[in-house]
Amino acid sequence: MCRKQNQSTIQPISASTSELKRTMKIFLIGFMGSGKTHWGRLLSEKIHLPFFDLDSVIVETEKKSIAEIFAQNGEEFFRYKEKEVLEELTNDHDHFILSCGGGTPCFFNNISFMKKNGKVIWLNTSIDVLKERLLKERMRRPLIKAIGDAELKAYIIRKLSERRMYYEQADTIVDEEKVSLNSFLEILDT
Ligand code: S3P
């Protein structure tokens with residue numbers, strides 16, 4: 001269900017769980033459609049940690065949708081903004097669950113920054129499930145909105161193979177299709 005990376009270096013949370021939770025920064029990473037926002041909301045309600053969605057914070061800051069930012073300012077501008085908001089949010093809050101964008105760990109030093117500041121969890125979802133989810137909600141995602149149904153699977157395979165090396169640096173890998181709320185909560189406690 002989940003594979004923990006570098007087990008020997010991760011400190012178990014035991015008697016002082018509640019104290020540690022106060023300074024817990026959890027970063028959910030994974031491909032578009034991997035369930036980052038869904039799980040982030042669910043977990044944050046359960047353990048009473050503030051929840052942030054990185055794309056939503058960027059939208060609030062820029063007063064434009066992600067699609068508008070890509071169309072008007074370009075991807076490079078978006079990636080700078082993404083890095084800036086990630087760092088500000090992380091530095092300004094002691095504890096949170098943050099649902100990142102699919103590309104967040106793959107640009108600049110974002111993955112090392114997140115690992116240095118908290119616990120990074122990769123929601124690993126199969127290509128077929130990603131495809132089914134993304135077919136239904138493609139329009140708000142600028143990277144895939146122009147890709148036809150027939151090409152979407154090939155796009156996911158290609159993009160995921162480019163990004164896997166970043167996702168794999170997560171502290172913990174969760175099999176998103178098998179994990180339950182309870183087992184996810186246990187993962188947060190280790
Ligand atoms: C992106 C994923 C999107 C959003 C932007 C770019 C990506 O977030 O940040 O469209 O590069 O994979 P979601 O993963 O929440 O769709």
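The coordinates are above.
Residues numbered from 1 in each chain as written. Predicted model: local features only at pLDDT ≥ 70, side-chain atom pairs only at ≥ 80, totals over all residues. Heavy atoms only, no water.

**Q** Teacher, can you tell me more about the overall build of the protein chain here?
**A** Helix and strand counts for the protein chain come out as eight helices and six strands. Seen in sequence order, the protein chain has helices and strands lined up from the N terminus as β-α-β-α-β-α-α-β-α-β-α-α-β-α. Of the contacts formed within the protein chain by residues at least 6 apart in sequence, a portion of 76% connects residues at least 24 apart. Of the roughly 9700 Å² of accessible surface on the protein chain, a fraction of 50% belongs to carbon and sulfur atoms. (Helix = DSSP H or I, 4+ residues; strand = E, 2+ residues; numbered from the N terminus. Contact = heavy atoms within 4.5 Å. Areas by Shrake-Rupley, 256 points an atom, 1.4 Å probe, with all protein chains shown as cover.)

**Q** Got a minute to help me understand the pairing of strand β2 (residues 25-29) in this structure?
**A** Remember that side chains alternate between the two faces of the sheet whenever the strand is regular. For β2, the buried fraction is high: five of the five residues fall into the buried class. Here β2 shows two buried faces, one formed by K25, F27 and I29 and the other by I26 and L28. The pairing of β2 with strand β4 (residues 96-99) spans four bridges and is classified as parallel. Paired with F27 across the strands is L98, a residue of β4. Alignment of β2 against strand β5 (residues 119-124), held across four bridges, turns out to be parallel. Opposite I26, over in β5, you have K119 as the bridge partner. (Buried < 20%, exposed > 50% of the residue type's maximum accessible area, 1.4 Å probe, protein only. Pairing = 2+ DSSP bridges.)

**Q** Would you mind going over the packing of aromatic side chains with me for this structure?
**A** Each aromatic ring pair is characterised by the separation of its centres together with the angle its planes make. Considering all chains together, one arrives at six aromatic pairs under this definition. Aromatic side chains F52 and F96 sit 6.2 Å apart centroid to centroid with 75 degrees between the ring planes, which places their arrangement in the edge-to-face category. Taken as a pair, F52 in strand β3 (residues 51-53) and F96 in strand β4 lie far apart in primary sequence, 44 residues in all. Of the two residues, F52 and F96, neither departs from the other in class, the shared state being buried. (Phe/Tyr/Trp six-rings, centres within 6.5 Å; stacked < 30°, edge-to-face > 60°.)

**Q** In this structure, what is going on with the site of the ligand? I would like to understand it.
**A** The immediate surroundings of the ligand are formed by 13 residues, with K36, D55, R79, R141 and R163 found nearest. Residue K36 places a side-chain N or O atom 2.8 Å away from an oxygen atom belonging to the ligand. In the environment of the ligand, an oxygen atom lies 2.8 Å from a nitrogen or oxygen atom belonging to the side chain of D55. When the free accessible area of the ligand is taken as 390 Å², the share hidden by the protein chains comes to 96%. In terms of residue count, helix α4 (residues 66-92) provides more of the shell around the ligand than any other element does, three residues in total. Its residues assigned to classes, the shell around the ligand shows five nonpolar, three polar and five charged. (Near = heavy atom within 4 Å. Polar contact = N/O pair within 3.5 Å; in protein donor to acceptor, adjacent residues only side chain to side chain. Nonpolar A, V, L, I, M, F, W, Y, C, P; charged D, E, K, R; others polar.)

**Q** Sorry, what's going on with helix α5 (residues 110-117) here?
**A** For the α-helix, the turn length of 3.6 residues means that residues three or four positions removed from each other point alike. N110, I111, F113 and M114 are the residues of α5 that are buried. End-on, the buried residues of α5 take up no more than an arc of 160 degrees, which puts them together on one face. Residues of α5 that are buried in the fold lie against β2, α4, β5 and α7 (149-167). (Arc of directions from axis to C-beta.)

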